[in-house]
Amino acid sequence: MKTQIVSLVWGEDKESKHAKLAQAGEVIKNGGLVAFPTETVYGLGGDALNAESAKKIYAAKGRPSDNPLIVHIADMEHLEKIVREVPENVRKLAKAFWPGPLTMIMKKSDIVPYQTTGGLDTVAVRMPGHPIALIFIRESGGYVAAPSANLSGKPSPTTAKYVIQDMDGRIDMILDAYMGSENIGIESTIVDMTSEIPMILRPGYITQEMISSIIGKTDTDVTIFDNASNEPPKAPGMKYRHYAPKGELVIVEGEPQKVVNYINEQTKLHAQKGEKTGVIGTSEMIRNYQADSIKDAGRHDDMLSVAGRLYTFLREFDDENIAYMYSESFASEGVGQAVMNRLLKAAGHRCVKL
Ligand code: AMP
Ligand code: MG
């Protein structure tokens, strides 16, 4: 398949942008697939109400088809059509955080095919905060099913470069647009609104505290951090290995000086064997490390900066053929909780505590 790469340039006039997005919308309406930017990561979109489109998404990603897709909408009226009812708490959260990086799970209506929901009676819905995404969704008929636009198992793409690397030849079109300085860089928070006490299934930029401040008590799925838990994850996708670089990543936790010493000992041993190494560290610490590739994640008190760079670092390590990577550990509060969740998954839960 020939993939059309359509660039939307910063400062391009409205009509020209709109014409390109209308063309992308036609592709979706005709059952095709289009990768598009959002404020979290790039999405791989298809018509959410067309079972064949969902099948194509799974095929393009190489993703197991029991892993449900998120339905992206641009207008509240559209929500009513795809869910059985809109609970009061959903309205409150939508008012507070949509458009934005929050996905809510509700009971699906009959028009949503089971192929889109991975066989479930529930559907995950989000209204993304990126202006290009909103126009594209409206031009597509209002309902765009999309997982992240990476091959299954790889880190989610935050730039068109990595979408092209994974999806060129596999989908109809890639919309290449500047994600904006507000770019969040990790996937949306997912909250299940069907349980009596709403349950966070995947942490993200919208934190549990932010959600609870609007609707009161919420829970967090225990499987998010506890790898040893025997319970199956409530968000089906969470059981799959995700976000992983090709090499081996280890998280190192402890006093700063001990962390530096440990990492430098390890990178030295690898260097002696001719193996390439990488380090992800905070700005305050970065000059102390010795490795082939050293990534500055931002200040330790700026978790948004770490979130925004994390997936790019993992992809760059792959490009640089890094075999062994070490990352500092980050504070598990607020957005830091989402950062640590993704980092632990990328590391396959390998964590050294000093
Ligand atoms: P993404 O990881 O961004 O591709 O988003 C898809 C993820 O959303 C899936 O892997 C699931 O973890 C989650 N998800 C989507 N729909 C549902 C649902 N109905 N119930 C629970 N989790 C869901
Ligand atoms: Mg994904």
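Residues numbered from 1 in each chain as written. Chains lettered and ligands numbered in written order. Predicted model: local features only at pLDDT ≥ 70, side-chain atom pairs only at ≥ 80, totals over all residues. Heavy atoms only, no water.

Colleague: Before we go on, may I ask you to explain the side chain of T38 in this structure?
Modeller: Inspection of the secondary structure puts T38 in the loop between β2 (34–36) and β3 (43–47). Taking relative accessible area as the criterion, T38 reaches 1% and is therefore assigned buried. Polar contacts involving the side chain of T38 include one to the side chain of T40, which spans 3.0 Å. A polar contact of 3.2 Å, which involves the side chain of T38, links it to the side chain of R126. (Helix = DSSP H or I, 4+ residues; strand = E, 2+ residues; numbered from the N terminus. Buried < 20%, exposed > 50% of the residue type's maximum accessible area, 1.4 Å probe, protein only. Polar contact = N/O pair within 3.5 Å; in protein donor to acceptor, adjacent residues only side chain to side chain.)

Colleague: For this particular structure, what's the right way to read the sheet that holds strand β6 (residues 122–126)?
Modeller: Backbone-to-backbone hydrogen bonds pair the strands of a sheet. The strands run either parallel or antiparallel. Spatially, 11 strands are ordered β1-β8-β2-β3-β7-β4-β6-β5-β9-β10-β11 in an open sheet, and the strand pairing comes out mixed. Only two strands of the sheet have a single partner each, and these edge strands are β1 (4–8) and β11 (219–220). In the sheet, strand β4 (residues 70–72) pairs with β6 via three bridges, with the strands oriented parallel. For I70, the partnering residue across the bridge sits in β6 and is A124. Against the sheet, helix α2 (residues 51–61) engages β3 and β7 (144–146), with an angle of about 155 degrees to β3. (Pairing = 2+ DSSP bridges. Contact = heavy atoms within 4.5 Å. Axes fitted to C-alpha atoms, helices over the stretch in contact; angles between N-to-C directions.)

Colleague: Explain the environment of M127 to me, please; I cannot follow it from the model alone.
Modeller: By secondary structure assignment, the location of M127 is in the loop between β6 and α5 (131–139). Residues M127 and G100, spaced 27 residues apart in sequence, show a C-alpha to C-alpha distance of 6.2 Å. Leaving out residues up to four positions away in the same chain, M127 has contacts with I73, A74, D75, M76, W98, P99, G100 and L134.

Colleague: In this structure, what is going on with the nonpolar core? I would like to understand it.
Modeller: Soluble globular proteins tend to bury their nonpolar side chains together. Within the largest apolar cluster, 61 residues are counted, with the highest numbers of intra-cluster contacts made by M104, F136 and L175. Apart from residues no more than four positions distant in its own chain, F136 is found in contact with L21, A24, G25, I28, V34, F36, V144 and L175. Counting 27 residues, the second-largest nonpolar core is a separate cluster that includes Y311, F317, V339 and A346. (Core = buried A, V, L, I, M, F, W, Y, C linked by side-chain atoms within 4.5 Å.)

Colleague: How do you make sense of unusual backbone geometry when you look at a structure like this?
Modeller: Peptide bonds are mostly trans, and most non-glycine residues show a negative phi. That bond from W98 to P99 is cis: its omega, -5 degrees, falls within 30 degrees of zero. Assignment of secondary structure puts P99 in the loop between α4 (88–97) and β5 (102–107). Of note in this structure, N321 is not a glycine but carries a positive phi near 55 degrees. Assignment of secondary structure puts N321 in the loop between α9 (303–319) and β15 (324–328). By relative accessible area, which is 58% here, N321 ends up exposed. Phi is positive for H349, which is not a glycine, with a value near 65 degrees. Tracing the backbone shows H349 in the loop between α10 (335–346) and β16 (351–353). When its relative accessible area of 25% is taken as the criterion, H349 is described as partly exposed.

Colleague: Even after reading the chapter, I still don't get the packing of aromatic side chains, so can you show me in this structure?
Modeller: The description of two aromatic rings rests on the distance between their centres and on the angle between their planes. Scanning the model with the defined rule gives one aromatic pair in all. Between the aromatic rings of F36 and F136, the centroid separation amounts to 4.9 Å while the plane-to-plane angle is 40 degrees, which identifies the pairing as tilted. In this pair, F36 sits in strand β2 while F136 sits in helix α5, placing the two residues 100 residues apart along the sequence. If you follow K108 out to its NZ or CZ, it ends over the ring of Y114, 4.2 Å from the centre. (Phe/Tyr/Trp six-rings, centres within 6.5 Å; stacked < 30°, edge-to-face > 60°. Lys NZ or Arg CZ within 6 Å of the ring centre and 35° of its normal.)

Colleague: I'm lost on the environment of K2 in this one. Help?
Modeller: Here K2 shows up in the segment before β1. On the basis of relative accessibility, which here comes to 75%, the residue K2 falls in the exposed class. Once the C-alpha coordinates of K2 and Y205 are considered, the two residues, 203 residues apart in sequence, prove to be 35 Å apart. In this structure K2 touches I171 and D172, once residues within four positions along its chain are discounted.

Colleague: In this structure, what is going on with the sheet that holds strand β13 (residues 277–281)? I would like to understand it.
Modeller: Reading across the sheet, the five strands line up as β14-β13-β15-β12-β16 and stay open at both edges, with parallel pairing between neighbours. Strand pairing shows two members of the sheet lacking a second neighbour, β14 (293–296) and β16, which therefore form its edges. Strand after strand, the sheet turns through a mean of 20 degrees between neighbouring axes, direction not considered. Across the sheet, helix α8 (residues 256–272) touches β12 (248–253), β13, β15 and β16, and the angle it forms with β15 is around 175 degrees. Lying over the sheet, α10 contacts β12 and β15, oriented at roughly 135 degrees with respect to β12.

Colleague: Any chance you could explain the packing of helix α6 (residues 160–167) against α9 here in plain terms?
Modeller: Angle between the axes and distance between the axes are the two parameters that describe a pair of packed helices. Running from N to C, α6 and α9 cross one another at 55 degrees; their axes reach a closest spacing of 11 Å. Classed by the angle they form, the pair α6 and α9 counts as oblique. By crossing handedness, the relation of α6 to α9 is classed as left-handed. Judged by residue contacts, K161, Y162, Q165 and D166 of α6 engage R315, E316 and D319 from α9. (Parallel < 35°, antiparallel > 145°, perpendicular 65-115°, else oblique. Left-handed = near helix turned anticlockwise from the far one by under 90°.)

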